[in-house]
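Residue strings, one per chain:
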Amino acid sequence: MFKQLFTKNPYKCYLSTQQKLWCETFSIKFHSKTSSERKQLGGYEYEEDTSGFKNILAVTNTHLEIKETTSNKRLEVNFEWLRENCRCASCYNGVTNQRNICIFDLKTDIQPTTFSLFHNTLKIGWNDGHHSEYDLDWLRVQNRAEDIPAEILWSGDMSAHVEYVTASDVKSKEGITRLIKSLLDYGVGFVTNVKHNIQSTEEIIRCIGPPQKTLFGTMWEFTNKMEHLDSAYSNIALDAHTDTSYFIEPAGLIIFHCMERNCEGGKTLLVDGFRAAKEVELESPDLYHCLRTVPTEFQYIEKGYHLTSLSTMIQHSLHGRINQIRYNLYDRSARQPLQSVLFYRSLRKLAAAVRKPKAEWWLTLEPGTVVFINNWRVLHGRSAFYGQRTMGGAYLHMGNFLSRARSLALIT
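Chemist: Which parts of the structure should I look at to understand the environment of threonine 62?
Modeler: Within the secondary structure layout, threonine 62 lies in the loop between β2 (56-59) and β3 (63-68). Expressed as a C-alpha distance, the spacing of threonine 62 and aspartate 109, which sit 47 residues apart in the sequence, is 8.8 Å. If near-sequence neighbours (up to four positions away) are discounted, threonine 62 is found in contact with Asn78 and Phe79.

Chemist: Explain the pairing of strand β15 (residues 268-272) to me, please; I cannot follow it from the model alone.
Modeler: For a regular strand, the rule is simple: side chains alternate between the two faces of the sheet. With 5 of 5 residues buried, β15 is to be regarded as a mostly interior element. Judged by which residues are buried, β15 turns out to be covered on both faces: Thr268, Leu270 and Asp272 on one side and Leu269 and Val271 on the other are all buried. One ladder, built from 3 bridges, connects β15 with strand β20 (residues 361-363); its direction is antiparallel. If you follow leucine 270 over to β20, its bridge partner there is tryptophan 361. Where β15 and strand β22 (residues 378-382) come together, 5 bridges link them in antiparallel fashion. Bridge assignment links leucine 270 to a residue of β22, and that residue is histidine 380.

Chemist: It is not clear to me how the sheet that holds strand β7 (residues 112-118) should be interpreted in this structure. Could you clarify?
Modeler: Strands pair in a sheet through their backbones, by hydrogen bonds, and they do so in one of two ways: parallel or antiparallel. Taken together, the 3 strands give an open sheet; going across it, the order is β7-β8-β9, and neighbouring strands pair in antiparallel fashion. Since the sheet does not close on itself, it has two edges, and those belong to β7 and β9 (131-135), each with one partner. Across this sheet, the average inter-strand angle for adjacent strands is 15°, counted without regard to direction. As paired elements, strand β8 (residues 121-126) and β9 share 5 bridges and run antiparallel to each other. Looking at the pairing, threonine 121 lines up with aspartate 135 of β9.

Chemist: Is there a simple way to explain the state of the cysteines in this structure?
Modeler: In a disulfide, the sulfur atoms of two cysteines are held together by a covalent bond. Applying the stated criterion to the full structure yields 0 disulfides. Left without a disulfide partner, cysteine 86 is nearest to the cysteine sulfur of cysteine 88, which lies 3.6 Å away. Take cysteine 86: its relative accessible area is 1%, and that puts it in the buried class. Of all cysteine sulfurs, the one in cysteine 88 lies closest to cysteine 91, which takes part in no disulfide; the gap is 3.6 Å. Given the relative accessible area of 2%, cysteine 91 is considered buried.

Chemist: So what exactly am I meant to see when it comes to the packing of aromatic side chains here?
Modeler: We describe a pair of aromatic rings using the distance from one ring centre to the other and the angle between the two ring planes. Inspection of every chain in the model, using the stated rule, returns 14 aromatic pairs. Ring centres of phenylalanine 343 and tyrosine 344 lie 5.7 Å apart, and the angle between their planes is 85°; this geometry places the pair in the edge-to-face category. Assessed through its relative accessible area of 0%, phenylalanine 343 is described here as buried. Owing to a relative accessible area of 40%, tyrosine 344 belongs among the partly exposed residues under this scheme. Arginine 87 extends its terminal NZ or CZ atom over the ring of tyrosine 92, reaching a point 3.8 Å from the ring centre. It is arginine 389 that lies over the ring of phenylalanine 385; its NZ or CZ is 5.4 Å from the centre.

Chemist: Please clarify how the pattern of salt bridges should be interpreted in this entry.
Modeler: Opposite charge on two side chains permits them to pair, given that their charged atoms come into close proximity. Inspection of the entire model under this criterion finds 20 salt bridges. For the salt bridge of arginine 406 with glutamate 146, the shortest nitrogen-to-oxygen distance reads 2.5 Å. One end of the pair, arginine 406, is in helix α9 (residues 398-407); the other, glutamate 146, is in the loop between α3 (136-142) and β10 (164-166), with 260 residues separating them in the sequence. Linking glutamate 151 and arginine 321 is a salt bridge whose minimum nitrogen-to-oxygen distance equals 3.3 Å. With a gap of 170 residues between them, glutamate 151 in the loop between α3 and β10 and arginine 321 in the loop between β18 (314-316) and β19 (322-325) connect regions that are remote in the sequence.

Definitions and limits used
Residues numbered from 1 in each chain as written. Predicted model: local features only at pLDDT ≥ 70, side-chain atom pairs only at ≥ 80, totals over all residues. Heavy atoms only, no water. Helix = DSSP H or I, 4+ residues; strand = E, 2+ residues; numbered from the N terminus. Contact = heavy atoms within 4.5 Å. Buried < 20%, exposed > 50% of the residue type's maximum accessible area, 1.4 Å probe, protein only. Pairing = 2+ DSSP bridges. Axes fitted to C-alpha atoms, helices over the stretch in contact; angles between N-to-C directions. Disulfide = S-S within 2.5 Å. Phe/Tyr/Trp six-rings, centres within 6.5 Å; stacked < 30°, edge-to-face > 60°. Lys NZ or Arg CZ within 6 Å of the ring centre and 35° of its normal. Salt bridge = Lys/Arg side-chain N within 4 Å of Asp/Glu carboxyl O.

If you want it as structure tokens, here you go:
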């Protein structure tokens, strides 16, 4: 009755049946065995099913394996994790989306005593007397990395590619989805036809999330008056940079609204920092590695504040993708970095990639247009100006931005 299929590990015994996975009724029940009895079977117990699915399943002393033979996809789930993540009403609060149990409620030797798979639902009876059900699609989602769309790297004028959403449309699901997708793809998005005041600017920002309160305030306005000891509060030209590099976690989005413009100059500069970083990685992997591993200190000082952050200029996620560039040549402190010779070579290389004229996007922000910028990716700057130029805006926490993207199923 039993059909044993051996992998590279000759002790692994699998169950195989004959047709495609998940299509029709499928049921398997595993006999209850002790750990010692399982070890006699090479750690696995199995029983052939006759309902006609082509599938490979196995259970060890610690985990369950399900393999779809047509695609060679494998799902491996640990018993402790499965038991802790039972979604029944006694184990999980579906209203608050929180567990009702904690790790100390689980047996240290938690094991299944019965096991069945039927119409994409996994059912397990546990040796603590509990019974659980799991949807296989849900199990697959929990056992893969979060799907964040790949960024589209860019150079130069991107006005024909990024989204421009009207102030009325951004309040709709379709409009806010367009804006956030533009930010995920390009790191930039615009909202137009906004009234020329800070209250209307805040209303637009809150379509994504609440403004982030910092030492500069929650919503801020600035001209060329030095209300804070920062060169942004002046009329001089500013090279491309990211903001709040001296925060332990820099602001996620920066939002600007030019509410008054009666000046010469004062154009806005945008540069894709991820594109610049990628150029360094492709041309000089050793220098890119330095930017990822050798930290430098950023600081901000004014009366009552001395903020510092020791961080690398390029950071990757746990899954290996670049997810942040911290680039501000103005705010680096005088503290000497480690491996200074290599660090300065790397910094020069990155700065040259940032400053490429063909990579720069220069635009004029007119009253009524609000620009949203991913401050972890896109650098901003400006040309010098003469006259009156009043900017309003705010920062927004990266966590709140990503939360909004998940709620719109742009991140899954």
